[in-house]
Amino acid sequence: MHKQQLTFNKIKKIGVISTYNKATKELNIVQWGEDSPKYDLRVWFNEVASKGITLTKEEMKTLKELINSIDIEEWKVVAINLLSTAKLYASPKKGLRIS
């Protein structure tokens with residue numbers, strides 16, 4: 001069975017989240033095949049799509065609300081407190097261990 005190439009059209013590049021070597025993790029609005037355009041979060045390598053997710057407008061609104069509800073500073077304090085009270089052990093065979 002011959003696998004058909006899925007076509008896409010990047011309608012709008014919203015932004016690059018990160019870059020590693022020549023790959024970029026991007027948020028775009030993409031039209032896949034004949035489907036309606038959707039928000040698209042995935043890794044691209046030389047305009048070749050890797051695994052990612054697509055979100056409808058409603059799903060993106062919900063994701064935005066969820067992200068806005070996260071208190072990043074609170075999590076930073078929790079992580080600092082955890083690390084300051086934890087005992088750190090390093091071993092060449094077992095790596096870094098926290099207890």
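Our subject is the structure that appears above.
Here is what the cut-offs are and how they apply
- Residues numbered from 1 in each chain as written.
- Predicted model: local features only at pLDDT ≥ 70, side-chain atom pairs only at ≥ 80, totals over all residues.
- Heavy atoms only, no water.
- Pairing = 2+ DSSP bridges.
- Helix = DSSP H or I, 4+ residues; strand = E, 2+ residues; numbered from the N terminus.
- Axes fitted to C-alpha atoms, helices over the stretch in contact; angles between N-to-C directions.
- Salt bridge = Lys/Arg side-chain N within 4 Å of Asp/Glu carboxyl O.
- Buried < 20%, exposed > 50% of the residue type's maximum accessible area, 1.4 Å probe, protein only.
- Patch = residues over 30% accessible without salt bridge, like charges linked within 9 Å, V, L, I, M, F, W, Y side chains within 5 Å.
- Areas by Shrake-Rupley, 256 points an atom, 1.4 Å probe, with all protein chains shown as cover.
- Phe/Tyr/Trp six-rings, centres within 6.5 Å; stacked < 30°, edge-to-face > 60°.

**Q** Any details on the sheet that holds strand 3 (residues 38-45)? Residues and values, ideally.
**A** Across a sheet, strands are paired by hydrogen bonds formed along the backbone, either parallel or antiparallel in direction. The strand order across the open sheet built from 4 strands is 1-2-3-4, with neighbouring strands paired in antiparallel fashion. Taken across any chain shown, the strands that pair with only one partner, and hence form the sheet edges, are strand 1 (8-20) and strand 4 (48-55). For this sheet, the mean inter-axis angle between neighbouring strands, taken without regard to orientation, is 25 degrees. Bridge count between strand 1 and strand 2 (residues 23-32): 10 bridges; the pairing is antiparallel. Bridged to Phe8 within strand 2 is Trp32.

**Q** So what about the pattern of salt bridges? Which residues, and what values?
**A** Side chains bearing opposite charge may pair, as long as their charged atoms lie close to each other. Following the criterion strictly, the structure yields 5 salt bridges and no others. The partner of Lys10 in a salt bridge is Glu26, and the shortest N-O contact between them spans 2.9 Å. Of this pair, Lys10 sits in strand 1 while Glu26 sits in strand 2; the two residues are 16 residues apart in sequence, bridging distant segments of the chain. The buried category is assigned to Glu26, whose relative accessible area is 2%.

**Q** Can you tell me about a nonpolar patch on the surface, naming the residues and giving the values?
**A** Residues Leu63, Leu66, Ile67, Ile70, Ile72 and Trp75 make up a contiguous nonpolar surface patch of about 620 Å² in total accessible area. Secondary structure elements with two or more residues in the nonpolar patch: helix 1 (57-68) and helix 2 (72-85). In terms of residue count, the dominant contributor to the nonpolar patch is helix 1 (3 residues). Relative to the helices and strands, Ile67 resides in helix 1.

**Q** Before we move on, can you summarise the pairing of strand 2 with the specific residues and values?
**A** Within strand 2, 7 of the 10 residues are buried, which leaves the element mostly enclosed by the surrounding structure. Where strand 1 folds back onto strand 2 in an antiparallel hairpin, the turn is made up of 2 residues, including Asn21, whose phi is positive at roughly 55 degrees. From the end of strand 2 to the start of strand 3, which pair antiparallel, there are 5 residues, and Gly33 there has a positive phi angle of about 60 degrees.

**Q** Describe the environment of Thr7, listing the residues and the values that go with them.
**A** The residue Thr7 is located in the segment before strand 1 in this model. Each C-alpha atom of the pair Thr7 and Glu34 lies 8.5 Å from the other, and the pair is 27 residues apart in sequence.

**Q** I'd like to hear about the pairing of strand 3, residue by residue, with values.
**A** As judged from the 8 bridges shared by strand 2 and strand 3, these two strands associate in the antiparallel manner. If you follow Thr24 over to strand 3, its bridge partner there is Trp44.

**Q** Tell me about the packing of aromatic side chains, residues and numbers included.
**A** Inspection of the entire model under this criterion finds 3 aromatic pairs. Ring plane angle 45 degrees and centroid distance 5.4 Å describe the contact between Phe8 and Trp32, whose orientation is recorded as tilted. Note that Phe8 is positioned in strand 1 and Trp32 in strand 2, a separation of 24 residues in sequence. For Trp32, a relative accessible area of 15% puts it in the buried group. Both rings, one in Phe8 and one in Trp44, keep their centres 5.0 Å apart while their planes meet at 55 degrees; by these two values the pair is tilted.

Read these as layout, nothing more, since geometry by itself doesn't imply function.
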